[in-house]
Structure formats: C-alpha cells, structure tokens
Amino acid sequence: MKLMYRAALLAAPLCLAFAAPAVAQNSPFSSGDFVTVASISVDDGHSVDYATYLAGRWKAQQEFAKSQGWIIGYEVLANVNKRPGEPDLYLITRRHTMPDAAESEKQGQAMRDHFKEDDKVSDAASGERAKYRKQMGSMLLRAQIFK
C-alpha cells in the first residue's frame, strides 16, 4: 500500500505538468495589460484639495512615467453612486508589464531625479494628504483578451 501511495505522489506532478499546457491551449483568452486600481476615500470638505493634487502632482508623475514607457495610460474614476464603505475615487494605471525589484528601484530613482525630490520630502507630502484622504485598498488586475 505504501508503494502505491508513493508512486501516486511521484506521478501527480508529472500529470499536472503535462495537463497544464493542454488547458492553456484551450483557453479562449490570452493575457493582456496589467491594471492597478487604488481605492481612495476623501474626507468631506477636501474634494477640491485632493482633486488639485491629482490634477497637479499626480498627473505630472503619471505623464513622466508614460513618457518613459513605464505605463501606457492612467485615469481617475469617480464612484458616482457610492454606497456606505465604498471609496470616492479609483486611480487607474495601465502597463504592459510589471517591473522587477531592480527596475522598480531604477524607475523610482529616475522619478526622484526628475522631480528633484527625495524620499523624505515625498513622505512628508503624502503625510499631509493622509490627513484628509485614505487609501482603502488596491488591486492588481490583468486584462483577459478574447482570442
């Protein structure tokens, strides 16, 4: 009995290795772009404050990232029919690929150099915004394109 159990344990990974490509070939989708969605709640009386930040600094950062080819697009979506507990805004960023750790650090340094800002200044500005806006969460999605 032990021999059969061990044989089954050894055979299972092989079965999965050969089955996975067959499943992938039958999928009606291919993988598309990555979409990052940040869920933002803004305190009453601060909508214009946060909108000003988004239209200024945030947009400038996104435009720089787009000019470098790091992202392919971005947008802000307002939650028009907001229910209790839902965010006010969704900040959307689209990219073809996700950077690895080294590339992410390189992009961060290029961003700091471009805006002539260090992490301390950036953190302080984020802390000021945190007084009236909260990031409720974020999602990383991947588009599924029909074949």
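Here we summarise the structure given alongside this text. What you see is a predicted model, and the numbers here were worked out from it, not measured in a lab.

## Things to note about the sheet that holds strand β4 (residues 133-146)
Spatially, 4 strands are ordered β2-β3-β1-β4 in an open sheet, and the strand pairing comes out antiparallel. Edge positions in the sheet fall to β2 (73-78) and β4, since each of these pairs with one other strand and no more. Going from strand to strand, the sheet's axes swing by 20 degrees on average, the running direction of each strand aside. As paired elements, β2 and strand β3 (residues 89-95) share 6 bridges and run antiparallel to each other.

## Focus: helix α3 (residues 101-115)
The terminal C-alpha atoms of α3 lie 21 Å apart, and with 15 residues this matches the ideal 21 Å at 1.5 Å per residue to within 8%. Here α3 starts with a cap whose side-chain oxygen sits 3.3 Å from the backbone nitrogen of A102, and that cap is D100. Among the residues trailing α3, K116 stands out with phi positive, at a value near 50 degrees.

## With respect to the nonpolar core
One finds A38, I40, V42, Y50, Y53, L54, W58, L89, L91 and Y132 forming the largest nonpolar core, which totals 10 residues. Going through the elements one at a time, β1 (29-42), α2 (47-67) and β3 are the ones with two or more residues in this core. Take this core: its biggest share by element is 4 residues, from α2. Sequence-distant contacts of L54, that is, excluding residues within four places in its chain, are made with K59, V76, L89 and L91. With 5 residues, the next largest nonpolar core counts F64, A65, W70 and M111 among its residues.

The rules behind the values
- Residues numbered from 1 in each chain as written.
- Predicted model: local features only at pLDDT ≥ 70, side-chain atom pairs only at ≥ 80, totals over all residues.
- Heavy atoms only, no water.
- Pairing = 2+ DSSP bridges.
- Helix = DSSP H or I, 4+ residues; strand = E, 2+ residues; numbered from the N terminus.
- Axes fitted to C-alpha atoms, helices over the stretch in contact; angles between N-to-C directions.
- Expected span 1.5 Å × (residues − 1).
- Polar contact = N/O pair within 3.5 Å; in protein donor to acceptor, adjacent residues only side chain to side chain.
- Core = buried A, V, L, I, M, F, W, Y, C linked by side-chain atoms within 4.5 Å.
- Buried < 20%, exposed > 50% of the residue type's maximum accessible area, 1.4 Å probe, protein only.
- Contact = heavy atoms within 4.5 Å.

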